[in-house]
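# Reading the structure
Residue-level listing of the chains:
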Amino acid sequence: MDKQTQDVLEILEQNAKATPEDISELTRIPPAEVREMIRTLEAAGVIRSYKAIIDWDIVENPYVYAFVQIKVLLERGHGYQKLADRICKFTEVKSLRLLSGEDYDLEFMVFGKTMKDVAFFVADKIATLDQVQNTSTHFILKTYKEDGVIMEEPGEFKRQQVSP
Amino acid sequence: MTEIPKSSPRKVDQLDYSKYITHKMKNVPPSGIRKYFDIAAGVENVISLGVGEPDFVTPWHIREMCIHSLEKGQTSYTSNFGIPELREEISKKYRREYGLDYDPASEILVTTGVSEALDIAIRCVINPGDEILIVQPTYVAYVPEIVLGGGVPVVVPTRAEDDFKIKPEELEAKITQKTKAIIINYPHNPTGAVMTRKDYEAIAPIIEKHDLVVISDEVYECLTYEGEHAPFSIIDGMRERTIILNGFSKSYAMTGLRLGYILAPAPLIAAMMLIHQYCMMCAPITSQIGGLEALKNGEDEMKSMVREFNRRRILITDGFNKLGLDCFEPKGAFYAFPSIKSTGLTSEEFADKFFAAQRVITIPGTAFGEAGKGHLRCAYATSRDDIKIALDRFDEFLKTL
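Owing to the predicted nature of the structure, the values given are computational and were not obtained by experimental measurement.

About the criteria used
Residues numbered from 1 in each chain as written. Chains lettered and ligands numbered in written order. Predicted model: local features only at pLDDT ≥ 70, side-chain atom pairs only at ≥ 80, totals over all residues. Helix = DSSP H or I, 4+ residues; strand = E, 2+ residues; numbered from the N terminus. Rg over C-alpha atoms; globule rule 2.2 N^0.38 Å. Buried ≥ 20, exposed ≤ 12 C-beta atoms within 10 Å, placed from the backbone. Contact = placed C-beta atoms within 7 Å. Domains from an automatic or database assignment. Axes fitted to C-alpha atoms, helices over the stretch in contact; angles between N-to-C directions. Parallel < 35°, antiparallel > 145°, perpendicular 65-115°, else oblique. Nonpolar A, V, L, I, M, F, W, Y, C, P; charged D, E, K, R; others polar. pLDDT = per-residue confidence, 0-100. Core = buried A, V, L, I, M, F, W, Y, C linked by C-beta atoms within 7 Å. Pairing = 2+ DSSP bridges. Right-handed = clockwise from strand over helix to strand, strands pointing away.

### A closer look at the overall build of chain B
Scanning chain B for helices and strands turns up twelve helices and twelve strands. Against the globule reference of 21 Å for 401 residues, chain B gives a C-alpha radius of gyration of 22 Å, in line with a compact fold. Considered along the principal axes of its C-alpha atoms, chain B spans approximately 70 × 60 × 50 Å. Burial statistics for chain B: of 401 residues in total, 47% are counted as buried. Long-range pairs, those at least 24 residues apart, make up 75% of the contacts in chain B with a sequence separation of at least 6.

### Some thoughts on the overall build of chain A
When helices and strands are counted, chain A shows five helices and six strands. Along its sequence from the N terminus, chain A presents helices and strands in the succession α-α-α-β-α-β-β-α-β-β-β. For chain A, whose C-alpha radius of gyration is 21 Å, the value lies well above the compact-globule estimate of 15 Å for 164 residues. Judged by the C-alpha coordinates and their principal axes, chain A covers about 65 × 45 × 30 Å. Across chain A, the fraction of contacts at a sequence separation of at least 24, relative to all contacts at a separation of at least 6, is 56%.

### Comments concerning the interface of chain B and chain A
Between chain B and chain A, the residue contacts involve 19 residues of the former and twelve residues of the latter. Per element, the largest residue contribution to the side of chain B that touches chain A is five residues, and it comes from helix H10 (residues 299-322) of chain B.

### Structural notes on the domain arrangement of chain A
Where interface size is given, it is often the accessible area lost as the parts come together that is meant. Domain assignment breaks chain A into domain 1 (3-43) and domain 2 (64-142). Of note, the centres of domain 1 of chain A and domain 2 of chain A, computed from C-alpha atoms alone, are 37 Å apart.

### Details of the packing of H10(B) against helix H12 (residues 384-399) of chain B
Residues and elements named next belong to chain B. Contact geometry of H10 with H12 gives a least axis separation of 10 Å together with a crossing angle of 5°. In terms of axis orientation, H10 runs roughly parallel to H12. In contact with Arg312, Leu315, Ile316 and Gly319 of H10, H12 contributes Arg384, Ile387 and Leu391. Looking at the contact of H10 with H12 residue by residue, the class counts come to four nonpolar, one polar and two charged.

### Comments concerning the confidence of the model for chain B
When pLDDT is averaged across chain B, the result is 95; 100% of the residues are at 70 or more. Reported confidences for the modelled complex are a pTM of 0.88 and an ipTM of 0.75.

### Things to note about the environment of Tyr104(A)
Mapped onto the elements of the fold, Tyr104(A) is located in the loop between strand E2 (93-98) and strand E3 (106-112). Once residues within four sequence positions are removed from consideration, Tyr104(A) is found in contact with Gln69(A), Ile70(A), Lys71(A), Leu99(A) and Ser136(A).

### Focus: the nonpolar core
Ranked by size, the top nonpolar core spans 120 residues in total, and within it Ala121(B), Val214(B), Ile243(B), Leu245(B) and Ile262(B) carry the most contacts. Of all the elements, helix H4 (residues 113-125) of chain B adds the most residues to this core, at eight residues. Of all hydrophobic cores here, the second largest spans eleven residues; its members include Ile70(A), Ile87(A), Val110(A) and Val118(A).

### What to know about unusual backbone geometry
All names here are of chain B. Here the residue pair Gln136 and Pro137 is connected by a cis peptide bond, since its omega of 0° sits within 30 degrees of zero. By secondary structure assignment, the location of Pro137 is in the loop between strand E3 (131-136) and helix H5 (142-148). Between Asn189 and the following residue, Pro190, the backbone shows a cis peptide bond with an omega angle of 20°. Counting through the fold element by element, Pro190 comes out in the loop between strand E5 (179-184) and helix H7 (197-209). Its identity as a non-glycine residue notwithstanding, Arg258 has a phi of 50°, on the positive side. Looking at the element boundaries, Arg258 is found in the loop between strand E7 (242-247) and strand E8 (260-263). Positive phi values are uncommon outside glycine, yet Met281 reaches one of about 70°. Tracing the chain through its elements places Met281 in the loop between helix H8 (266-279) and helix H9 (285-297).

### Focus on the pairing of strand E4 (residues 152-157) of chain B
Residues and elements named next belong to chain B. Sheet topology places E3 next to E4; six bridges connect them, and they run parallel. When the bridges of E4 are listed, Glu131 appears paired with Val152. The handedness of the E3 to E4 crossover, carried by H5, is right-handed.

### Considerations on the domain arrangement of chain B
Residues and elements named next belong to chain B. Taken as a whole, chain B is organised into domain 1 (12-58 + 301-399) and domain 2 (74-298). Using C-alpha coordinates to define each centre, domain 1 is positioned 24 Å away from domain 2. Of the residues lining the interface, 38 residues belong to domain 1; the matching set on domain 2 comes to 38 residues. Broken down by secondary-structure element, the contributors of at least two residues to the side of domain 1 that touches domain 2 are H10 and strand E9 (335-336). With seven residues, H10 is the single largest residue contributor to the side of domain 1 that touches domain 2. Split into classes, the residues belonging to the side of domain 1 that touches domain 2 amount to 20 nonpolar, eleven polar and seven charged.

### Points about the sheet that holds strand E11 (residues 363-364) of chain B
Residue and element names in this part refer to chain B. The sheet built from three strands is open, its strands ordered E9-E12-E11 with antiparallel pairing. Each edge of the open sheet is held by one strand with a lone partner, namely E9 and E11. In this sheet, strand E12 (residues 376-379) lies alongside E11 in antiparallel orientation, the contact comprising two bridges. Bridging across to E12, Ile363 finds its partner in Arg377.

### Observations regarding the sheet that holds E5(B)
Residue and element names in this part refer to chain B. The sheet built from seven strands is open, its strands ordered E2-E8-E7-E6-E5-E3-E4 with mixed pairing. Taken across any chain shown, the strands that pair with only one partner, and hence form the sheet edges, are strand E2 (108-111) and E4. Each neighbouring strand pair of the sheet contributes to a mean axis angle of 20°, computed without reference to strand direction. The strands touched by helix H3 (residues 84-98) within the sheet are E2 and E8, with E2 carrying the most contacts at an inclination of about 120°.

### Description of helix H2 (residues 20-27) of chain A
Among all positions in H2(A), only Ile23(A), Ser24(A), Glu25(A), Leu26(A) and Thr27(A) are buried. Those residues of H2(A) hidden inside the fold are in contact with helix H1 (3-14) and helix H3 (31-43) of chain A together with H10 of chain B.

### Considering the packing of helix H11 (residues 347-358) of chain B against H12(B)
All names here are of chain B. It is at 10 Å that the axes of H11 and H12 come closest, and there the two elements cross at 105°. Looking at the two axes, H11 sits roughly perpendicular to H12. Contact residues: Phe354, Ala357 and Gln358 in H11; Arg393, Glu396 and Phe397 in H12. Of the residues that constitute the contact of H11 with H12, the class distribution is three nonpolar, one polar and two charged.

Here it is, written out as structure tokens:
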């Protein structure tokens, strides 16, 4: 990766709303060129999407979230992909990952209107899949840090206003 | 609550204290920066471009090592030279990055910040009346340190049109029989100038011819945005006569932890170590442990801070030029040094009126000596948002002139 691409990606990672003009002010790459670079990075799938990090705890949040870990019994000829594809299709599932280690294989984040909804979703739709040996559901009680952003920062320390 | 008894009335005005204070103090100028600290106190909505330290907090892995060492009870003195592992890492860094060999046992001394390093380096080389060359604009501590050390500071001026580099003929013109040493400081506070290897090679023969010692303050080493930093001792024939000062304040955002170091030939280190041993004993152990962690595992985070400084550097430099304030391209440190000559105001007038009207702190170039006339020092070690607001306020202010 060249220095300019790294610059553009880092600036967007910090602020997805940065415009090509904003980025140009910080890099001296002409705005038209920045726009083209971003288009290329999007087309190549390097930039997947732009999203806001929201502290749902501040507004009234209609959903509950849980992490669900599952142990998988692999079938001959099928890796994890087939099962993963199937779980991904549920709109209730926000993220899904394959994990190392022996206790569990897959972990996903799921949301629903109530704890009961989530529990029944896992029991009905996931636990009943042939390859799934067992599941373990953990409801999220509080989010401290999300995507590198600390949600509640304690009082900020201020440096002196003038120094040599 | 028990009342604390009031102290007895002081008889300050009955004594002439000046007779107790060393005569040397008469020649120590007050810092031109201090005033701006005082006028900003208590004012709301101030943006400061007057801060000579990173706005980043020391990376957590470094702070965490310091905390862990405190928990373990590591609060003792260390070797006067500094903990051996830290000197070993410093030595490795110079070998790896520059191919320079400094023996951790005899050629490296860990100090309480570069300020102490500067103080003991100056005290180590000065005999009463020795002339020490300084390059203007100059960091505020050099002149007072030389004066307190009993030496005579002699100014080598530099100018924006020469990119604030030292011109060989300018340097040689200031050398007399009494000249003992020169203090250089690249990347440069307050201008952001750098000297390349080639620039150094042009002045090295003069230094050798006149048998000078070079004190090279390279605390902004890692904040070099274009080209590679060149430690002065990398120049042929210069290692033997160079005292390099470096530290962790700027590169690793560790200003308040006060940690620096000196690289120099063994006899000079031995002499500086004697002063250090009696006036300081050793650098704080907590900071040394943090410094060791910084050198071992801090490169990624340091480089990401440098990349962010670079973005702000472009933002502020281009911003000034767009406003019609000629700004020399700073290639290192985190200062821009725009010229305000086009406004017809002096540096001090500009800084004072600008603060009064727009509540932005800038430091007049004259705080760094006569050669800073017509300029302002603007530190961009502050958030991009603040830099943008400051530029808008510059714009507003310029319209009123």
